[in-house]
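What follows is each chain in one-letter form.
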Amino acid sequence: MDTFDKKFWWIFIPFLLLIILILFFPAWFTNHSWFDLDFTKTGQVGDTIGGIMGPFIAIAAAILTFFAFWVQYKANEQQKIDLQIERFESKFYNMVEILRQNVSEIIIGKSLQSRKAFISMFNELKFLYLTTDKFLKSPSQKAIIKNLTGNDTLSEEDTFNISYLIFFFGIGQNSTKLILSLVNGRYEGLLLNLETHLQEHQGLWKTNKRQLSIEEKTHEGDGHFVLKTTYKPFNGHMSRLSHYVRHLFQLVKFINDQPDHIINYEAKYNYAATVRAQLSAHEQLLLYYNALSVLGKPWFDKDKDFLKKYCMVKSLPIPLADFYKKPFDELPKVNEFGKTMFEWTEIYDRMNVSEVKAKTS
């Protein structure tokens, strides 16, 4: 903190002007009459004002006292700020530790645990989206969709939200109720058909060495995607992800809510980078797709926009985010504060520079 900042000069300059004004008092008292009093007849000027040096000494003492007061005031202010930062960091690192514990406590089946679980969950989400998209575009469902919406197919956003909600809540009677409450309720018949279709896939998974496959159309072109899991897919991950995602959001919100005069944006960004460093590549992939879903909209709220403001998916492996919306279409390469959104952009730039140097050498 700057001791002699603008606030200091706003206080000191009027004080200095008052001191200068006091220096003129002897002349005014001896050359002018005030209330019919003539100070020239009250004795010698030195006796009247207590000597010439007295005021100067008193003025110097007042100035020094003011400086001492101001330095102490600023020290107290800094101490308050340091205390607030200390309290913030204490809670912040405690929340980071809780985030780590949340990750370590995620278990799917008997053995899939911690960060490895996120790899399998991401692959399941991708397969669900591809399967849902293919099923809803099938001739058997087009007539139902036409009757419901007037169009032959659902919007890409509706398709993704349905697939993500099934990924999160799973299939089943209670899960369907939850999903219908979050999407258009008139999709009930469509969801029941999709649920039956996915139950058939669960049977195939069991008889096909615990794996499923589908022809995929990604941003990079057509391909063949295989889902291989050690657990029965499509049963939902709400019990594993709800607390994890909610706590992650609250942690970033806690950083953002700190007063700017206590913790500025650069410091907040560094704290957010510490949080981001705890997230694996597949955690960031799931965070990105969660933010695109109806459940994760607060990440993109105009008042918050944490995903952009703090580059929370900076380590996102762009080639793996090859379905639904492209990261480069949803997030700028550089945010409003000049921060690079994706490390992948920096990697591309370094590779291009290396290629240019190799060609010119």
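See above for the structure.
The structure contained in this document is the topic of the report that follows. (Residues numbered from 1 in each chain as written. Predicted model: local features only at pLDDT ≥ 70, side-chain atom pairs only at ≥ 80, totals over all residues. Heavy atoms only, no water.)

1. Side note on the packing of aromatic side chains
1) Next: All told, the structure shown has 28 aromatic pairs when counted by the stated rule.
2) Next: Relative to Trp299, the ring of Phe249 lies with its centre 5.2 Å away and its plane at 85°, an arrangement referred to as edge-to-face. With Phe249 in helix α10 (residues 238-256) and Trp299 in the loop between α12 (281-292) and α13 (306-309), the pair connects residues that are 50 residues apart, well separated along the chain.
3) Next: You can call Phe249 buried: its relative accessible area is 11%.
4) Next: Its relative accessible area of 2% is what places Trp299 among the buried residues. (Phe/Tyr/Trp six-rings, centres within 6.5 Å; stacked < 30°, edge-to-face > 60°. Helix = DSSP H or I, 4+ residues; strand = E, 2+ residues; numbered from the N terminus. Buried < 20%, exposed > 50% of the residue type's maximum accessible area, 1.4 Å probe, protein only.)

2. Quick look at unusual backbone geometry
1) Next: With phi around 70°, Phe234 is a residue other than glycine that occupies positive phi space.
2) Next: If you trace the backbone, Phe234 turns up in the loop between β4 (221-228) and α10.
3) Next: Take Phe234: its relative accessible area is 0%, and that puts it in the buried class.
4) Next: Phi angles above zero are rare outside glycine, and Cys311 is one such case at about 50°.
5) Next: Take Cys311: it is sitting in the loop between α13 and α14 (327-330).

3. Details of the layout of surface pockets
1) Next: Computed from the structure, the largest pocket encloses a volume of approximately 350 Å³.
2) Next: Lining of the largest pocket is provided by 20 residues; of these, Leu130, Asp133, Lys134, Lys137 and Lys217 occupy positions nearest its centre.
3) Next: It is helix α5 (residues 115-136) that contributes the most residues to the lining of the largest pocket, five residues altogether.
4) Next: Within this model, the second largest pocket holds a volume of roughly 220 Å³. (1 Å grid on protein atoms, 1.4 Å probe; cavity = no way out; pocket = protein on both sides within 12 Å on 5 of 7 lines; lining within 4 Å. Points joined across faces, edges and corners; volume = space filled by probe spheres on them.)

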